[in-house]
Amino acid sequence: MKKLVYVVIGIAVLYLILAMVGKSKITVERKISIGKPAGMVKNQMGDLKFFHEKWSPWTEKDPAMTINFTGDPNEVGHSMNWASKVKEVGQGTMAITAMTADSIIMALGFEGHGESKAYYVVKDSSGNTGVTWGMEMNIPFFGRPIMMF
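In this report, the structure presented in the accompanying data block is examined. None of the values given here were measured: they were computed from a predicted structure.

So, about the overall build of the protein. Per the secondary structure count, the protein includes five helices and seven strands. The N-to-C order of helical and strand elements in the protein reads α-β-α-α-α-β-β-β-β-β-β-α. Relative to the 2.2 N^0.38 estimate, which gives 15 Å for 149 residues, the radius of gyration of the protein is 20 Å and therefore markedly larger than a compact globule would have. If you line up the protein on its principal axes, its C-alpha atoms span 65 × 40 × 25 Å. A buried classification covers 32% of the 149 residues belonging to the protein.

The next subject is the pattern of salt bridges. Counted under the stated rule, the structure contains two salt bridges. For Lys 123, the salt bridge is made with Asp 102, and the minimal N-O distance between the two is 3.5 Å. Of this pair, Lys 123 sits in strand 6 (residues 114–125) while Asp 102 sits in the loop between strand 4 (91–99) and strand 5 (103–110), and the two are 21 residues apart along the sequence. A relative accessible area of 27% places Asp 102 in the partly exposed class. A salt bridge links Glu 136 to Lys 117; the nearest nitrogen and oxygen atoms lie 3.9 Å apart. Placement of Glu 136 in strand 7 (residues 128–138) and of Lys 117 in strand 6 is noted, with a sequence separation of 19 residues between them. A relative accessible area of 21% places Glu 136 in the partly exposed class.

Regular strands show a simple pattern: their side chains alternate between the two faces of the sheet. With eight bridges joining them, strand 5 and strand 6 adopt antiparallel strand pairing. Within the sheet, the bridge partner assigned to Ile 105 lies in strand 6 and is Tyr 119. As defined by bridge partners, strand 6 adjoins strand 7 across nine bridges and the pair is classed as antiparallel. Counted as the bridge partner of Val 122 is Val 131 from strand 7.

Our focus in this paragraph is the packing of aromatic side chains. Under the defined criterion, the tally for this structure stands at five aromatic pairs. Ring geometry for Phe 50 and Trp 55: centres 5.4 Å apart, planes at 85 degrees, overall edge-to-face. Overall, Phe 50 belongs to the buried group, its relative accessible area being 19%. Taking the relative accessible area as the measure of exposure, Trp 55 reaches 35% and is therefore partly exposed.

It is worth spelling out the sheet that holds strand 3 (residues 79–83) at this point. The seven strands lie next to each other as 1-7-6-5-4-3-2, forming an open sheet whose pairing is antiparallel. Pairing within the sheet leaves two strands with one partner each, and these edge strands are strand 1 (25–34) and strand 2 (66–70). Ignoring strand direction, the axes of neighbouring strands in this sheet form an average angle of 15 degrees. In this structure, strand 1 lies alongside strand 7, joined through 10 bridges in antiparallel fashion. Residue Arg 30 lies in a different strand from strand 7, and its bridge partner there is Trp 133. Contacting strand 1, strand 4, strand 5, strand 6 and strand 7, helix 2 (residues 38–45) crosses the sheet at an angle of about 165 degrees to strand 6.

Reading the values: rules and limits
- Residues numbered from 1 in each chain as written.
- Predicted model: local features only at pLDDT ≥ 70, side-chain atom pairs only at ≥ 80, totals over all residues.
- Heavy atoms only, no water.
- Helix = DSSP H or I, 4+ residues; strand = E, 2+ residues; numbered from the N terminus.
- Rg over C-alpha atoms; globule rule 2.2 N^0.38 Å.
- Buried < 20%, exposed > 50% of the residue type's maximum accessible area, 1.4 Å probe, protein only.
- Salt bridge = Lys/Arg side-chain N within 4 Å of Asp/Glu carboxyl O.
- Pairing = 2+ DSSP bridges.
- Phe/Tyr/Trp six-rings, centres within 6.5 Å; stacked < 30°, edge-to-face > 60°.
- Axes fitted to C-alpha atoms, helices over the stretch in contact; angles between N-to-C directions.
- Contact = heavy atoms within 4.5 Å.

Next up, the structure:
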């Protein structure tokens, strides 16, 4: 019994050490090349209604979800809110928080999971448009050891 207590304490201490040294923020990026002009691509990415109708993974999982749009496309403040009874979709918000000549920055929030920063970077490349999609997420203290593996 005494050995079991030492093992449990050892595992708990190891977990806390890993939580202290684990990354507090992670970034995920994906890139694609699209055979359309950069201006057209950026305009479509800045229109959350277009995103909802054509690209949204949440729309695929629940086409009947409730969704509301506010603000004008391609402007700071343009946002969408959704609510679904499908567990994988849940409730959330996506809002444009900043725009530059080549990028769109958004706040992406899922109810109960906090908020992340998502972004698109558009680069014109000889007739094609290179698009980088990225997301930055803060990792809670006790979730850091899990993210290491």
